[in-house]
Amino acid sequence: MFGYIIINKGDMKFKEFDIYHSYYCGLCQALKNKFGKAGQLCLTYDMTFLVMLLSSLYEPETEVGEIKCIAHPFEKHSTRTNVFSFYGADMNLFFAYYKCRDDWEDERKFSRLVYGKLLKKAYKEICAQYGRKARRMDGLMRELTAQEKRKNQNIDQMAGLFGEVMGEIMAAREDEWHESLKGMGAYLGKFIYLLDAYEDVEEDIRQGRYNPLARRFNDPDFEEEIRTILTMIMAGCCKEFEKLPVIENVEILRNILYSGVWYRYEVVRQKREEAQLKEKAGNRQGVENARSV
């Protein structure tokens, strides 16, 4: 369900990309330091956005360094690491554990069962560390899973549940920015959930799996409806973001929120349109062939 909150590299300056990548590498190192190599495997760009946003808002003391790693063995890469890198690492692993559990329960993927067992101890430690926040997120994720098993087709309710989870994650501190961060998270969570359902709907229908958009997919206004809803959601998210006094890295964050988040949507939409055009062309050709016989 992750991998949607990314940059638009084509609209980014080289220096901006290097800064963004240094936060990504810093999060990777935080995962390694806290949870070992198993933790590094759950690294996401979505949590990189969280780390950068919180770092830019609160401006904590940040350690800048250089490393070589398995992914980049021949050259050093810059890293930026601070308290929010480790917070992002915790949240990254929390979601990775849930993803493993869901994949095992839904599709019996043995690899996810094994990986989930590797993460279980760390997951329990995170739950103990974050107390009320972790219990709140755990309850919401369990409710989301329960509603999915009931095949709930109310997309507002389903996306809203995941939005509440993301709101808890984004609002890392109880302070004057808590409500705006929680609002941002709620909108981002809704966007992620809806876009994930949009991307998977055809495959889920073929495989007989749950998808909250399955009943709407064949509606003639499906594409326009989804685009409208996603646009409204991100408009709300960006409105909450602009309330925050973010100066450092603000253009990188805007690149993600105003442009990067749409990348996967556009790829899926264009691929789907091309497939539909080919299908129509094939049908026309079939009719013409039948007439010529």
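Because the structure is a prediction, the values reported are computed rather than measured. (Residues numbered from 1 in each chain as written. Predicted model: local features only at pLDDT ≥ 70, side-chain atom pairs only at ≥ 80, totals over all residues. Heavy atoms only, no water.)

(A) Inspection of helix H3 (residues 83–107) at higher detail. Given a rise of 1.5 Å per residue, 25 residues ought to cover 36 Å, and the 36 Å separating the end C-alpha atoms of H3 matches this to within 8%. Most of H3 sits inside the fold, with 18 of its 25 residues counted as buried. With a side-chain oxygen lying 2.7 Å from the backbone nitrogen of Phe84, the N-terminal cap of H3 falls on Asn82. (Helix = DSSP H or I, 4+ residues; strand = E, 2+ residues; numbered from the N terminus. Expected span 1.5 Å × (residues − 1). Buried < 20%, exposed > 50% of the residue type's maximum accessible area, 1.4 Å probe, protein only. Polar contact = N/O pair within 3.5 Å; in protein donor to acceptor, adjacent residues only side chain to side chain.)

(B) The arrangement of a nonpolar patch on the surface in detail. The grouping of Phe110, Val114 and Leu118 at the surface amounts to a nonpolar patch, some 320 Å² of accessible area in total. One can find Leu118 in helix H4 (residues 110–130). (Patch = residues over 30% accessible without salt bridge, like charges linked within 9 Å, V, L, I, M, F, W, Y side chains within 5 Å. Areas by Shrake-Rupley, 256 points an atom, 1.4 Å probe, with all protein chains shown as cover. Salt bridge = Lys/Arg side-chain N within 4 Å of Asp/Glu carboxyl O.)

(C) Layout of the packing of H3 against H4. Running from amino to carboxyl end, H3 crosses H4 at an angle of 140 degrees, the nearest separation of the two axes being 8 Å. By the angle between their directions, the pair H3 and H4 is classed as oblique. For H3 against H4, the interelement crossing comes out left-handed. (Axes fitted to C-alpha atoms, helices over the stretch in contact; angles between N-to-C directions. Parallel < 35°, antiparallel > 145°, perpendicular 65-115°, else oblique. Left-handed = near helix turned anticlockwise from the far one by under 90°.)

(D) Structural context of the packing of aromatic side chains. This structure, assessed with the given rule, holds 17 aromatic pairs. Seen from their ring centres, Phe94 and Phe95 are 6.0 Å apart, and the 90 degrees between their planes marks the pair as edge-to-face. Each member of the pair Phe94 and Phe95 is classed as buried. Aromatic ring contacts, followed pair by pair, group Phe94, Phe95, Tyr97, Tyr98, Tyr123, Phe162 and Tyr193 into a single cluster. Seen from the ring of Phe17, Lys9 lies directly overhead, with NZ or CZ sitting 4.4 Å from the centre. The lysine or arginine in question, Arg272, covers the ring of Tyr198, its NZ or CZ lying 4.6 Å from the ring centre. (Phe/Tyr/Trp six-rings, centres within 6.5 Å; stacked < 30°, edge-to-face > 60°. Lys NZ or Arg CZ within 6 Å of the ring centre and 35° of its normal.)

(E) Representation of helix H1 (residues 14–40) in the model. Across its 27 residues, H1 extends only 25 Å between first and last C-alpha, which sits more than 12% below the 39 Å expected from 1.5 Å per residue. Residue Lys34 marks the point of greatest curvature in H1, where the axis turns by about 115 degrees. (Bend = angle between axes of the 7 residues up to and from the residue.)

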